[in-house]
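Chain and residue survey
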Amino acid sequence: MDNYILQMETITKLFPGVKALDTVNLNVLHGEIHALIGENGAGKSTLMNVLSGVYPHGTYTGKIIFEGKECIIRHIRDSERLGIAIIHQELALIPSLTIGENIFLRNECAHEGIINWDETHTKARALLKKVGLAENTYTLVRDISVGKQQMVEIAKALSRKIKLLILDEPTASLNENESNNLLNLLLELKKENITSILISHKLQEVIRVADHITVIRDGAAIMTLDKNSDDISEDNIIRGMVGRRLTDRYPKRTPNIGGVAYTVDHWNVFDPMIADKQVIYDASFNVRKGEILGFAGLMGSGRTELSMSLFGRSYGKRISGQIFKSGREIQAHTVRQAIQNGISYSTEDRKTAGLVLQNDVKENITLAGLQKVARHGVVNSDEEIRVASDFCKKLNIRTPSVFQKCVNLSVGNQQKVVLSKWIFTGPDLLILDEPTRGIDVGAKYEIYTIMNELVAEGKSVIFISSEMPELLGMCDRVYVMEEGRIVGELSGKEITQEAIIKAILSSKREAV
Amino acid sequence: MGTFINLVKNNIRQYTMVIALILAMVIFQIATNGVLLLPMNVTTLILQNAYVFILAVGMMVLLINGGNIDLSVGSIVAFVGAIMGVMMITHKMPLWIAIVVALAIGFLIGAWQAYWVAYVRVPGFIVTLAGQLIFRGLTNNILSGQSLAPFSRDMVAISAGFIPDFIRGNNQGINITAMVLGMLVTIVYIILQIRKRMYRRKYTEEMVPFQLFIVQIVIIAALIMVCAYWLASYEGIPIIFIIIAVLVAAYQYFTSKTVSGRYIYAMGGNEKAAQLSGINTNKVLFWCYVNMGVLAAVAAIVTTSRLDVASPLAGQNYELDAISASFIGGASMYGGAGTIVGAIIGALFMGVLNNGMSILGAGTDIQMLIKGLVLLLAVAFDIFSKSRAKAS
């Protein structure tokens, strides 16, 4: 019994109308990595918010025992004092301050209110070294990648004496490489006897690092698996998460691929801010009718920049190159022209660039194709509601009505609203940039199904993803990008994880 | 009874400002011994606050489109008024030419400021702060610091005139035309509301409960009729009232029903998403500022007509009245929220406050104090009720 650092007993948390947590028990051993896994809305984050004091003592029932003593946690400060640190999905760093300032924010190296900056940065450097981040501590946080910011968050947690580190979906917006670094860091910390609780969607990484895996579904802890004694295969975990066996994670499709729909020729793009920095080098590719074409690569390899520059030049400067549709050259200098030429682009940044969150479902669905439900510049409300309702039915968007504001929908349903918006413009080519990021297994399957339906109608889909398994599962053909160049093309059976990685690595070797 | 209380509780936020407005009217009606709602005073109230209504419409459009404000409208009012004065008084030009020129100048000033905001991306706050100085300076320059007066009678009639009683033919007793117009508006309102509810019902269960819907229709219909009766029992409908009503109806329709209106809301809600949806956001922003310039010219015509003088001091603090009215009426600093009707309710609220306190003999010092507090409390209450709605 003494081995447990944390015991949460019969935790029940009610929200108006919902039981978010239902008598959940969670036992975490000293010095282990304990994974919490479950679909979106299953209650993982709520449980951690109870632990860290976001939901104070008294708003839930149950007991929290930390290092053998029952604790009353009323505020985040209380949990911090116990040595618990939580790193949320949305990072809590201040972009306009330096790394060093961020690490010691609210914990300044100060004497009588005067900050000692030398001490701050010396200590910060030591912490960065510990988390394996080679950055100057005077660099502003806004100038480093999300992956590195994640590391700064961990360094910040380590600047206090912590015993238990909670990470809420730390790798959701990281690429494979960055994710690996982070997971290795957790294993390092484990050696120093720091316990971690890892909330994640990504089964592979959980299986790789976790000692115990607790599966949460509908606010209840379904099971806890021991790495050494239980079956921790993906299938077994997924069965626990969704309550049934997902026989196939990708819907079946018989490819029916037609002629070339779009061709891009010698496409070059320069950075919009830094004049001489080329972002895309001489990219040439094509996509066929009825084809799902994948773009693989690491984050920052130029996939988003390439597709946004094609989509009405919404990214980049000094763009050169040609786009052909069915052999005829087209001009797509503005987003509107791109849409008129049948190109649609669904952004990776759902919340900040995909949706007008405070507007309702119907207004978001019709936004890009508003002319279609309008006559003489006046919106036909009946028609608009009908269109939106149809999409809700067809794409299975779970919302009380089309008048619901998008901010109130779950991420999976928000993504389906974005897809509806683009499908409504009647595209011939739909570019989907990370459409399944941060979405649970069930909604992912629905999005794959929608993609299959689109290509079955003879449309083309470009599928950008950082998760290789879904590219393998869905694509007819894959281009591999690295540092702004297309460095490989794989089709059919050639598409394997090894082949993709090989293409990336070989391009690096050439560059050296 | 319990269900009724629940009903009110669940829907009260929608009607907060309307309720506050009615409350303010009741309080002042009692405090002024019934002077506030005397037909003559209601007409005065509308005339006095005409500029707030007109400017608040333009300001609300800007606020919807991303929390933009225009600090220069007071100076534009003075500038356009000065030009009208020079044209009509110094050069004896006819009214219609002066009006056309006034509107054209409003358009040009709007376009000038819109260019800097939309295409050079200088923050609107800065551009219009500069505009405030520029146009105040130009006004003083044109008028050499002197006032020009008086204007011709047709100019004065814009604010002092009434729609003659076509039906009865003479202006004695109750103005029948006003009553008929009021009736027509009521009928159109009821038909529109029922139609809206009918088609909404086809697609959703969540809407205002039926009883409340009826209560709402009855109250508003009664308000329109009472208003019509009030105007009818004085001298009929003021011309200015028609101008304002047409503006409000047109802009409410424009913002809620047209493609361009939808783009304004979408851009205010999320500019990046709007851009990626094919909306030319620079163009939308440009026209919102142009629109404000034109409306400022309309306000200038009305104000100059009412004061019957082109003064270098005209229009001072008008921008603050319009901004206050918009925020009281539900605008958001971050854009994407608010309605034209909301702005009008906000403007009415300010108007009642102004007028009521004047009747009671409160000095401008006290009036400013109260208006400031009301603005602060109204927005604080809105934030409070929103965060409560989120928490529960």
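Residues numbered from 1 in each chain as written. Chains lettered and ligands numbered in written order. Predicted model: local features only at pLDDT ≥ 70, side-chain atom pairs only at ≥ 80, totals over all residues.

What follows concerns the overall build of chain B. From N to C terminus, chain B includes 17 helices and zero strands. By the compact-globule yardstick of 21 Å for 392 residues, chain B fits well, its C-alpha radius of gyration being 22 Å. Taking the principal axes of its C-alpha atoms as reference, chain B extends roughly 70 × 60 × 40 Å. With 392 residues in all, chain B has 41% of them scored as buried. Of the contacts formed within chain B by residues at least 6 apart in sequence, a portion of 79% connects residues at least 24 apart. (Helix = DSSP H or I, 4+ residues; strand = E, 2+ residues; numbered from the N terminus. Rg over C-alpha atoms; globule rule 2.2 N^0.38 Å. Buried ≥ 20, exposed ≤ 12 C-beta atoms within 10 Å, placed from the backbone. Contact = placed C-beta atoms within 7 Å.)

Along its length, chain A carries 17 helices and 24 strands. Expected size for 512 residues packed as a compact globule is a radius of gyration near 24 Å; at 24 Å, chain A falls within 12% of this value. With the C-alpha coordinates aligned to their principal axes, the bounding extent of chain A is approximately 70 × 55 × 50 Å. Looking at the 512 residues of chain A, the share that counts as buried comes to 45%. Partitioning the intrachain contacts of chain A with sequence separation of at least 6 by distance along the chain shows that 67% fall at a separation of at least 24.

This part is about the sheet that holds strand β6 (residues 84-87) of chain A. Residues and elements named next belong to chain A. Judged by pairing direction, the sheet is mixed, and its six strands sit side by side in the order β6-β9-β10-β3-β11-β12 without closing on themselves. The open sheet has two edge strands, β6 and β12 (220-226), and neither has a second partner. The average undirected angle you get between the axes of adjacent strands in this sheet is 15 degrees. In the sheet, strand β3 (residues 33-37) pairs with strand β11 (residues 212-217) via four bridges, with the strands oriented parallel. Across the sheet, residue Leu36 finds its bridge partner in β11, namely Thr214. (Pairing = 2+ DSSP bridges. Axes fitted to C-alpha atoms, helices over the stretch in contact; angles between N-to-C directions.)

Let us look at the sheet that holds strand β16 (residues 317-325) of chain A. All names here are of chain A. Taken in spatial order, the four strands of this open sheet run β14-β13-β16-β17, and their pairing is antiparallel. At either end of the open sheet lies a strand with only one pairing partner, and these are β14 (278-288) and β17 (328-330). Strand after strand, the sheet turns through a mean of 15 degrees between neighbouring axes, direction not considered. Direction of pairing for β16 relative to β17: antiparallel, over a ladder of three bridges. Across the sheet, the residue bridging to Phe324 is Glu329, located in β17. In the packing of helix α9 (residues 303-310) onto the sheet, the strands contacted are β13 (260-270), β14 and β16, and the crossing angle to β14 comes to about 70 degrees.

Glancing now at helix α15 (residues 318-328) of chain B. Residues and elements named next belong to chain B. For α15, the tally of buried residues reaches 10 of 11 residues, placing the bulk of the element in the interior. Within α15 the residues assigned to the buried category are Tyr318, Glu319, Asp321, Ala322, Ile323, Ser324, Ala325, Ser326, Phe327 and Ile328. Just past α15, the residue Gly330 takes up positive phi, approximately 105 degrees.

All names here are of chain A. With six bridges connecting them, β11 and β12 associate as antiparallel partners. Looking at β12, one finds that Ile216 is bridged to Ala221. With antiparallel pairing between neighbouring strands as the criterion, β11 and β12 make up a hairpin whose turn holds two residues, including Asp218 at a positive phi of roughly 50 degrees.

As a further point, take the domain arrangement of chain B. Looking at the assigned domains, one finds that chain B contains domain 1 (49-161 + 246-343) and domain 2 (172-237). Relative placement of domain 1 of chain B and domain 2 of chain B: their C-alpha centres are 30 Å apart. (Domains from an automatic or database assignment.)

It is worth spelling out the interface of chain B and chain A at this point. Opposite the 22 residues of chain B that make contact, chain A presents 30 residues. Secondary structure elements with two or more residues in the side of chain B that touches chain A: α12 (259-269) and α13 (271-276) of chain B. The leading source of residues in the side of chain B that touches chain A is α12 of chain B, at six residues.

Of the residues in chain B, 92% have a pLDDT of 70 or more, and the chain-wide mean is 88. For this predicted complex, the interface score ipTM comes out at 0.80, while the overall pTM is 0.79. (pLDDT = per-residue confidence, 0-100.)

Attention shifts here to the nonpolar core. Counting 177 residues, the largest nonpolar core has Phe463 of chain A together with Ile54, Leu55, Ala56 and Val77 of chain B as the members making the most contacts within it. Of all the elements, helix α14 (residues 281-307) of chain B adds the most residues to this core, at 15 residues. In this view, Ala56 of chain B contacts Ala322, Ala325, Ser326, Ala343, Ile344, Gly346 and Ala347 of chain B; residues no more than four positions away in its chain are not counted. Ranked by size, the runner-up nonpolar core spans 63 residues in total, among them Ile5, Leu164, Ile197 and Met241 of chain A. (Core = buried A, V, L, I, M, F, W, Y, C linked by C-beta atoms within 7 Å.)

With that settled, the discussion passes to the domain arrangement of chain A. Residue and element names in this part refer to chain A. By the assigned domains, chain A splits into domain 1 (4-242) and domain 2 (260-354 + 427-511). Within the residue set of the side of domain 1 that touches domain 2, elements represented by two or more residues are α6 (176-191) and α8 (234-242). A total of three residues in the side of domain 1 that touches domain 2 trace back to one element, the largest contributor, which is α8. Of the residues belonging to the side of domain 1 that touches domain 2, the class tally is four nonpolar, four polar and two charged. (Nonpolar A, V, L, I, M, F, W, Y, C, P; charged D, E, K, R; others polar.)

Bringing the environment of Ile190 of chain B into the picture now. Residues and elements named next belong to chain B. Its place among the elements puts Ile190 in helix α9 (residues 176-201). Given 15 C-beta atoms within 10 Å, Ile190 falls into the partly exposed group. Spatially, the C-alpha atom of Ile190 lies 30 Å from that of Gly34, the residues being 156 residues apart in sequence. Here Ile190 is in contact with Ile217 and Ala221, once residues within four sequence places are set aside.

All names here are of chain B. Cis geometry is found at the peptide bond from Ala149 to Pro150, where omega equals -10 degrees. The residue Pro150 is located in the loop between α7 (124-143) and α8 (153-160) in this model. The backbone phi angle of Arg121 is positive, close to 65 degrees, even though this residue is not glycine. For Arg121, the location among the structural elements is in the loop between α6 (95-118) and α7. Using a count of 11 C-beta atoms within 10 Å as the deciding quantity, one classes Arg121 as exposed.

All names here are of chain B. Between α6 and α7, the least distance of the axes is 9 Å, while the angle of their chain directions is 150 degrees. The orientation of α6 relative to α7 falls into the category roughly antiparallel. In the crossing of α6 with α7, the sense of the turn from one axis to the other is right-handed. Here α6 contributes Gln113, Trp116 and Val117 to the contact with α7, which in turn contributes Gly124, Val127, Thr128 and Gly131. In terms of residue class, the contact of α6 with α7 is made up of three nonpolar, four polar and no charged. (Parallel < 35°, antiparallel > 145°, perpendicular 65-115°, else oblique. Left-handed = near helix turned anticlockwise from the far one by under 90°.)

All names here are of chain A. One can find Tyr479 in strand β23 (residues 477-482). Residues Tyr479 and Met48, spaced 431 residues apart in sequence, show a C-alpha to C-alpha distance of 40 Å. Discounting residues that sit within four places of it in the chain, Tyr479 has contacts with Phe285, Phe295, Ile486, Gly488 and Glu489.

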